[in-house]
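An overview of the molecular structure
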Amino acid sequence: MQASANTDHGEASAPLAGILAEFDGPGALKKAATRVRDAGFTRWDCYSPFPVHGIDPAMGVRPTILPWIILGMGLTGLTIATVLQWWTNGVDYPFLISGKPLFGLPANIPIMFELTILLSAFGAFFGSLILNDLPRFYRPIFSSKRFRKVTDNGFFIGIDANDPQFDPNKIKTLFADMGTMGVEEFYDHDNRAALPRPIFRVGMILFLLGLIPLAFAVKSRHSTSSQPRWHFWRDMDFQPVVRAQRASAFFPDGRALRPQVEGTLAREQADKDPHLNQGKVNGKLVTTFPKAVLPLSMEMMVRGRDRFNTYCAPCHGRDGKGKGLVATRASSLGEGTWVPPSNLTDARIAKMPVGEIYQTIRYGVRNMPKYGPQIEVRDRWAIVAYIRALQRSQNASIKDVPEADRGKLK
Amino acid sequence: MNHPNPEVVLNDDRHLGPLGPKILRTMGGLGLLLLIVGLILGITGTEGGMSRFLFAYTTGFAFILSIALGAMFFVLVNHLTRAGWCASSRRIAEITLGTMPILAVLFLPILVSVLMGYGGLFSWADHGIASKDHLIHLKAGYLNPVFFAIRWVIYFAIWIQLSKYYLGNSLRQDDSGDPALTSRMQKWSALSTLLFALTLTFASFDLLMSLDPHWFSTIFGVYYFAGSVIAFQAFGILAMVLLQRKGKLEKSVSIEHFHDWGKLLFAFVFFWGYIAYSQFMLIWYANIPEETGWFHVRITGSWGGVALILVFAHFVIPFAGLMSRHAKRNLASLSFWAMWMLIMHCIDLYWVVMPNQGGHGHGSESIPGVHFQAVDLLAILGLFSLFVAGVAYVGRHCSLVAIKEPRLAESLAFENV
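Residues numbered from 1 in each chain as written. Chains lettered and ligands numbered in written order. Predicted model: local features only at pLDDT ≥ 70, side-chain atom pairs only at ≥ 80, totals over all residues.

Things to note about the overall build of chain A
Stated precisely, the cut-off is as follows: Put simply, DSSP H or I for four residues or longer makes a helix, DSSP E for two residues or longer makes a strand, and each gets a number counted from the N terminus. C-alpha atoms define the radius of gyration, and 2.2 Å times the number of residues to the power 0.38 defines the globule rule. We call two residues in contact if the C-beta atoms placed from their backbones are at most 7 Å apart.
Helices and strands together make up the secondary structure of chain A, namely 13 helices and 6 strands. Computed over C-alpha atoms, the radius of gyration of chain A comes to 46 Å, more than 25% over the 22 Å expected from 2.2 N^0.38 for 410 residues, which places it beyond the range of a compact globule. The principal-axis extents of the C-alpha atoms in chain A amount to approximately 140 × 60 × 45 Å. Long-range contacts, defined as pairs at least 24 residues apart, comprise 69% of the intrachain contacts of chain A with a sequence gap of at least 6.

Section: the overall build of chain B
Stated precisely, the cut-off is as follows: In this scheme the burial state of a residue depends on its C-beta neighbours within 10 Å: 20 or more other such atoms mean buried, 12 or fewer mean exposed, and anything in between means partly exposed; the C-beta positions come from the backbone.
Regarding its fold elements, chain B presents 17 helices and 0 strands. Whereas a compact globule of 417 residues would reach a radius of gyration of roughly 22 Å, chain B reaches 22 Å, a difference of no more than 12%. The principal-axis extent of the C-alpha atoms belonging to chain B is close to 70 × 40 × 40 Å. Among the 417 residues that make up chain B, the fraction classed as buried is 46%.

A few points about unusual backbone geometry
Residue A:Pro135 follows A:Leu134 across a cis peptide bond; omega there is -10°. Position of A:Pro135 among the secondary structure elements: in the loop between helix H4 (105–131) and strand S3 (155–160). One non-glycine residue, A:Ser98, lies in the positive phi region at around 40°. Structurally, A:Ser98 is set in the loop between helix H3 (66–92) and H4. Positioned with a positive phi, B:Asn287 is a non-glycine residue whose angle comes to about 55°. Along the polypeptide, B:Asn287 turns up in the loop between helix H11 (255–286) and helix H12 (289–299).

What to know about the domain arrangement of chain A
Let me state the cut-off plainly: Here the limits of each domain have been adopted from an automatic or database domain assignment.
When cut into domains, chain A gives domain 1 (1–208) and domain 2 (273–394). Placing a centre on the C-alpha atoms of domain 1 of chain A and another on those of domain 2 of chain A gives a separation of 84 Å.

Section: the environment of A:Leu296
Residues and elements named next belong to chain A. Along the chain, the position of Leu 296 falls in the loop between strand S6 (284–285) and helix H8 (298–316). Considered as a pair, Leu 296 and Ala 385 are 89 residues apart in the sequence and their alpha carbons are 8.0 Å apart. Among all residues touching Leu 296, those that are not within four sequence positions of it are Phe 289, Lys 291 and Ala 385.

Considering the nonpolar core
We apply this condition: Put simply, a nonpolar core is a cluster of buried Ala, Val, Leu, Ile, Met, Phe, Trp, Tyr and Cys residues tied together by C-beta atoms within 7 Å.
Core analysis: the biggest nonpolar cluster contains 119 residues, and B:Ile64, B:Ala68, B:Met72, B:Ile230 and B:Leu265 have the highest contact counts within it. Ranked by residue count, the leading element in this core is helix H3 (residues 49–80) of chain B, at 19 residues. Apart from residues no more than four positions distant in its own chain, B:Met72 is found in contact with B:Leu97, B:Leu162 and B:Phe196. Residues A:Ala17, A:Leu174, A:Val183 and A:Phe186 belong to the second largest nonpolar core, which totals 25 residues.

What about the environment of A:Leu333?
Residues and elements named next belong to chain A. In this fold, Leu 333 is placed in helix H9 (residues 325–333). Judged by the 7 C-beta atoms lying within 10 Å of it, Leu 333 is exposed. Taking the C-alpha atoms as reference points, Leu 333 and Leu 174, separated by 159 residues in sequence, lie 94 Å from one another.

Structural notes on the environment of A:His53
Mapped onto the elements, A:His53 comes out in the loop between strand S2 (44–47) and helix H2 (55–59). When the C-alpha atoms of A:His53 and A:Gly27 are compared, they prove to be 9.8 Å apart, with 26 residues separating the residues in sequence.

Comments concerning the sheet that holds S2(A)
Residues and elements named next belong to chain A. For clarity, the cut-off: Two strands form a pair only when DSSP identifies at least two bridges running between them. For helices, the fitted axis covers only the stretch in contact; all axes are lines through C-alpha atoms, and the angles between them, taken along N-to-C directions, range from 0 to 180 degrees.
Strand order in the open sheet formed by 4 strands is S2-S3-S1-S4, and the pairing between neighbours is antiparallel. Looking at which strands have only one partner, the edges of the open sheet turn out to be S2 and strand S4 (182–187). In this sheet, adjacent strand axes meet at a mean angle of 20° when their direction is disregarded. Sheet topology note: the S2/S3 ladder contains 4 bridges and is antiparallel. Looking across to S3, one finds that Asp 45 is bridged to Gly 158. Contacts from helix H1 (residues 26–38) reach strand S1 (16–23), S2 and S3 within the one sheet, and its direction differs from that of S3 by about 20°.

Side note on the interface of chain B and chain A
Put simply, the rule reads: Residues are grouped as follows: Ala, Val, Leu, Ile, Met, Phe, Trp, Tyr, Cys and Pro are nonpolar; Asp, Glu, Lys and Arg are charged; every other residue, Gly included, is polar.
Between chain B and chain A, the contact holds 7 residues from the first and 5 residues from the second. Within the side of chain B that touches chain A, the residues separate by chemical class into 6 nonpolar, no polar and 1 charged.

A few points about the packing of helix H4 (residues 90–97) of chain B against helix H8 (residues 145–176) of chain B
Residue and element names in this part refer to chain B. Under the convention used in this document: Angle categories are assigned with fixed cut-offs, so that under 35 degrees is roughly parallel, over 145 is roughly antiparallel, 65 to 115 is roughly perpendicular, and the rest are oblique. In this scheme the crossing of two helices becomes right-handed for a clockwise turn of the near helix relative to the far one and left-handed for an anticlockwise turn of less than a right angle.
Relative to each other, H4 and H8 sit at 140°, their axes nearing to 9 Å. Accordingly, the angle class assigned to the pair H4 and H8 is oblique. In the packing of H4 onto H8, the handedness of the crossing is left-handed. Here Arg 91, Glu 94, Ile 95 and Leu 97 of H4 lie close against H8, whose contacting residues are Ser 163, Tyr 166, Leu 167 and Ser 170. Of the residues that constitute the contact of H4 with H8, the class distribution is 4 nonpolar, 2 polar and 2 charged.

A few points about the pairing of S1(A)
As a general feature of sheets, a regular strand has side chains that alternate between the two faces. Residue and element names in this part refer to chain A. Counting buried positions along S1 gives 7 out of 8 residues, so the element sits mostly inside the fold. Sheet topology places S1 next to S4; 6 bridges connect them, and they run antiparallel. Following the sheet pairing, Ala 21 is matched in S4 by Val 183.

Laid out in structure tokens, this is it:
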């Protein structure tokens, strides 16, 4: 047994940091730990190459509070997620998503779950680091050469010099009494290599580089610029779309609108009955109904009224005077972008060729969208016929009423 | 580290002995009695008649099958991971798994009802119903009595083969002590796990999901799997606690092993919640009528009450209750939670199966309520009693500890840090 203050470094000036003793295996370590515990020391620790079962009670270590930290962090995450979702979508900016409740538990559970897990994991990871006093690159006990065995086959107990009961001679006697394999003093040489230089340098460079984008972001927020923004990701910002008065970059001939391909026909070019389908014959709008195919009838007028009330009346009104529900509401909002619908019974439209009314229904005009896709050919003509009837009825004289019925109007 | 000598296990009381025939007689007799009374009630007295009895029988069968399948998972996953901790308690799972041939016999009533074209259990089995219902008609390529029978023959062939292989080799090792048997079982565990996953998934589709032939959920197999593992962990814990109370396995199974069984139970309580919620949330969010119908009948009215019971009593409460290390290391609290989970798993299956009864399945106008009847309890308890008798029958002669398992010493020395 050697109980020497074996200072290999020969620096007597370094202050005494503690005393360590080596033991022969985990069993001896546990026994010794029990005695150190019972002697009332508080600033000491056991060091072994692997976790030793039962060392905690032998050292008198109280059960860790880590599980409670994790539980607390988990509940914090749960609360944050709940309040965040409730506040953002339920209160601050209510936004209805596919008819679901603004704060509906089923939709919010994934976030609550994930944030609970995330904060629990943070609690476990950082909590265990902090409770274990990590990361730390230097401890005085590392100055002992004998102590290096601890990562291989050495079992040690080290009592720190700042323990209230620290008395080198008493401790050495205690260790000797336990049957130690060797006792050694260790000194604090205070060479706290804070962080290995290369790691420090690389870290600093990365940190400074990381500030660059941040600096640009800050600059952009507090200044104006006429330059287009930077495109780190092109997304769909650059497309070969048609731009007015510009040559197309996509087609070699620079034309954006393509000429008709040889040997093909547009649908209308194959039309066998342009009067019926286009309301236009040889480039001239027709002034007559296509009676050969669709003879005017009471049945057609009733159908026209039905379609008119469905598709046209919401804007133009049931009487065609442009005072429909949508138009009334839109005018009352007073938005500058609203173009009021035409009065279908005024003279301008009464004089319009029927072909033009037909084309308006089919292709739309100004702000009125096209109704071709919704209303089929026969119904379009039925609506035109009904509009003509509206025009007549709104500008009628007493002569238009059959003589037999004139009495009723008075 | 001082490993305890595996020889201590030799001195342990590790045979059922006279207890085996006793359990076999009482539980077997009780089970048969309950089932017969249930059957008579089903035919004569009960509302719903034979159909009701068969639905209750299906609930009970799904329950005991899930315990055996959970045992299969326990055996396979521990071979797959070459786990050492469970070597002294794995035989319990192997014996439970050994009941597969008995389960095949108990499945016959369901199979016969399908082959007879009886529509009171599986509506798709009745040709009259199937020909009128367009959706069932379209699914008839899969949902027809003959193919159903073929599939179940395949499932049971695989399950019985796996149970014979893993129980048989483990018992052979008791005699020979040949470690090569363990290596061989480990080697085959990968393929076996694959077969296990596929058969369990399709069996759950056939047995439970097709009770409502309109509905489908691709996660349903995982849902049944999660419940199965819960059921077996609870069953195994209770079995070992009761055996220890009879003075058996006292040296072989320590509190460290119970702690780990409890951890698995705890983990799968959460897994079940996760899977059950995943199934619900996607269907709730998409809100497509063909998918929501199944949940609609189960979360409205009194079935909705059962659904809430499941949320809290199958997930939230046991999750909190089993979380602590102390709860798992105290046999009284651990067996309380095991009992609790076994009952909750049964209620879970009841909630899955029973709303389909009486044609109240998918698409019906009226929402049925929970109409609990005596026949339900009789069928479920009867089947469970027969299952317990079956476990005692399989385990009546063999050692309850794999006595020459190469990792036995490691298992006995195992400590939770």
